[in-house]
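# Residue-level structure breakdown
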Amino acid sequence: MSFVSDRVKSLPPYLFSEFQRKKKEMEANGVDVIDLGIGAPDLPAPEFVYEKLVEEAKSPLNHRYSIYSGMPSFREAVAAFYKKQYDVALDPETEVLALIGSKEGIANLIQAVANPGDTVIIPDPGYPVYRTAVHLAGGVSVPVPLDVNNGYIPIYDSLSKEEVQQAKLMFLNYPSNPTAATVELETFTEAVSFAEKNNILLVNDAAYDLVTFDDYVSPSVLQAPNAKKHAVEFGSLSKSFNMTGWRIGFAVGNKEVIQALATLKSNIDTSQFIPVQKAAEAALRSDLSAVKENNRIYKRRMEKLHTALNEIGIKTEKPRGTIFVWAEVPDGYTSAGFADKVLEEAGVIVTPGNAFGDNGEGFIRIALSVTEERLDEVIGRLKKLS
Ligand SMILES: *Cc1c(COP(=O)(O)O)cnc(C)c1O
C-alpha cells in the first residue's frame, strides 16, 4: 500500500531531473558544465528593492499575517502599474489579488474555475505547469498547437467543435516561454472574442510582460475590448525584477474569478510576507529603469547567441523579449537526441522542446542566463560539435 495519491503518482517526472543527474556525474568527472536549461534570471534584484525589504522587515507590525488577498497598498501599486503601463483601470479591492508567485496562482486558479472532468485549453508548446495543474485539478487538458509558421499564435481551427464547446478555461502566455514569441494586441483581441463566443475564461500568463527589447512593448490581455468580462492575467516580479526566490506575483481582471481565487486561497495560504509585498510595491511604482537595464543585458546575450547559431546553421528567430532563444534542431535529430549530444559533446545543458508539449518536438530552448563571457565559451563549444 502506498500513501501517495493516484494524481500525484501519475504526474510526469520533473522536467530537469535527468539532465541534472547527468550534470552532476559530468561535473564529478571534472567537466565544466554550463547550464542553459534553467528558466530563471542570473542577475540580482535591484538594490532599492532589497533595501526596502530590509527596512520593512525591521517594523514588528510587518511580522503579522498579511491580509489574505494581499496588503491594500500592494494591490493599489498593481492597479497603478496597470494604469501607467497599459492604461487599464483596475479596482484594487476586487480586481487585484496578491500571489505567492504566479505559479501558485495558476495552479490554484484551475481549482477555482474548473470542476473535475472540465476541459482546459493549453498552449503546446507551453509552460509545463498548465498541464500538470489541470491534471491535479482532475481536469482534461487539450493542447492548442502553436506553430512557427503562424508566429506561435493559437490555431483555434485545430480544435474540434466538441473540444471548444467543452472548454471552461484557456491559457495563453505572451511573451512566451518556451518559444519567446511575442504578439500585438490584435492577438489578444481575437482571443477575447473567441472566449466570449464560446463562453471560455481566457487567462494570459504575463510572466515576461516587461522583459522586452528595443521599442517593443508587450500588450496586456486586459487592453482588449470587453476583456474584463472574459479574462484574467497573471503578473510576476520574478523575471522582470530578478525576484524568482521572493515569491511575489498577482492576478488581475475579471472580478468574479479573482474573488473565487481569493476565496480558494484564503483556505490554503495567508498571502506573502508583508515586507516582500512592500518591496514589490517599490519595484512596480519605480520608473522601471532597472528592468530596462536588465533587458539591455539580455538583448546583448540574445544577439550574440542568435548570430552564432545562424553561423553554425541552427535556425532561430530573433526574439523581441523573454530570456530564451528557441532554436530548431538540425536535420536528423530529435529534440532529446540533440540536447543529449550538446550535453555530452559540449557540456552545455539546453532543454529539449518536447518537454513543453508534443508540438515542441524539433526544437530546443536555450536560456540566456549566463554572462556574455560564458556565452562565448558556449558558442566556441557548439562550433566544435561534430
Ligand atoms: C517563471 C514562469 C512563471 C512562474 O513565475 P513565478 O511568479 O516565479 O511563480 C509562470 N509562467 C511562466 C511562463 C514562467 O516562465
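To start, this report covers the structure provided alongside it.

Let's shift gears to the overall build of the protein. Summing up its helical and strand segments, the protein has 14 helices and 12 strands in all. Expected size for 386 residues packed as a compact globule is a radius of gyration near 21 Å; at 21 Å, the protein falls within 12% of this value. Projected onto its principal axes, the C-alpha coordinates of the protein cover approximately 60 × 55 × 55 Å. The proportion of buried residues among the 386 residues of the protein is 55%. Nonlocal contacts in the protein, meaning residues at least 24 apart in sequence, comprise 75% of its contacts between residues at least 6 apart. About 17,000 Å² of surface is accessible on the protein, with carbon and sulfur atoms providing 51% of the total. The average position of the 40 basic charges and that of the 51 acidic charges among the side chains of the protein differ by 4 Å.

A few words on the packing of helix α12 (residues 289-312) against helix α14 (residues 372-383). α14 packs onto α12 with a crossing angle of 10° between their chain directions and a minimal axis gap of 10 Å. Relative to α14, the element α12 lies roughly parallel. Every residue of α14 that contacts α12 at R300, R301, K304, L305, A308, L309, E311 and I312 is listed here: E372, L375, D376, I379, L382 and K383. Of the residues that constitute the contact of α12 with α14, the class distribution is 7 nonpolar, no polar and 7 charged.

Moving on to the sheet that holds strand β2 (residues 96-99). Taken in spatial order, the 7 strands make up an open sheet running β2-β8-β7-β6-β5-β3-β4, and their pairing is mixed. Edge strands, defined here as strands with exactly one partner in the open sheet, are β2 and β4 (140-145). Within this sheet the neighbouring strands show an average axis-to-axis angle of 20°, counted without direction. On top of the sheet, helix α10 (residues 255-266) reaches β2, β6 (201-205), β7 (231-236) and β8 (249-253); it is set at about 35° to β2, its chief contact.

What follows is about the pattern of salt bridges. Summed over the entire model, instances satisfying the criterion amount to 24 salt bridges. Linking R381 and E377 is a salt bridge whose minimum nitrogen-to-oxygen distance equals 2.7 Å. Of this pair, R381 and E377 are both found in helix α14, 4 residues apart, which corresponds to roughly one turn of the helix. Residue E377 is classed as partly exposed on the basis of its relative accessible area of 35%. Several salt bridges share partner residues, and in doing so they unite D32, R374, E377 and R381 into one network.

Let us look at the packing of aromatic side chains. All chains considered together, the criterion is met by 12 aromatic pairs. On the basis of an interplanar angle of 50° and a centroid distance of 5.0 Å, the ring pair of Y82 and Y86 is categorised as tilted. Of this pair, Y82 and Y86 both sit in helix α4 (residues 72-86), separated by 4 residues, roughly a single helical turn. Accessibility classification places Y82 together with Y86 in one group, the buried group. Taken together through their ring pairs, the aromatic side chains of F81, Y82, Y86 and F250 make up a single cluster.

What follows concerns the nonpolar core. In terms of nonpolar packing, the biggest core is built from 59 residues, with F74, Y82, M170, L202 and L237 touching the most fellow members. Every element with two or more residues in this core is listed here: α4, β2, β4, β5 (167-172), α8 (185-198), β8 and α11 (274-284). Of the domains in this structure, domain 1 (6-44 + 289-383) and domain 2 (47-284) are the two that each give at least three residues to this core. Setting aside anything within four residues of it in sequence, one finds M170 in contact with I121, Y156, A191, F194, I200, L201, L202 and V203. Counting 40 residues, the second-largest nonpolar core is a separate cluster that includes V33, V211, A327 and V342.

About the cut-offs
Residues numbered from 1 in each chain as written. Predicted model: local features only at pLDDT ≥ 70, side-chain atom pairs only at ≥ 80, totals over all residues. Heavy atoms only, no water. Helix = DSSP H or I, 4+ residues; strand = E, 2+ residues; numbered from the N terminus. Rg over C-alpha atoms; globule rule 2.2 N^0.38 Å. Buried < 20%, exposed > 50% of the residue type's maximum accessible area, 1.4 Å probe, protein only. Contact = heavy atoms within 4.5 Å. Areas by Shrake-Rupley, 256 points an atom, 1.4 Å probe, with all protein chains shown as cover. Lys, Arg positive; Asp, Glu negative; His and termini not counted. Charge placed at Lys NZ, Arg CZ, Asp CG, Glu CD. Axes fitted to C-alpha atoms, helices over the stretch in contact; angles between N-to-C directions. Parallel < 35°, antiparallel > 145°, perpendicular 65-115°, else oblique. Nonpolar A, V, L, I, M, F, W, Y, C, P; charged D, E, K, R; others polar. Pairing = 2+ DSSP bridges. Salt bridge = Lys/Arg side-chain N within 4 Å of Asp/Glu carboxyl O. Phe/Tyr/Trp six-rings, centres within 6.5 Å; stacked < 30°, edge-to-face > 60°. Core = buried A, V, L, I, M, F, W, Y, C linked by side-chain atoms within 4.5 Å. Domains from an automatic or database assignment.

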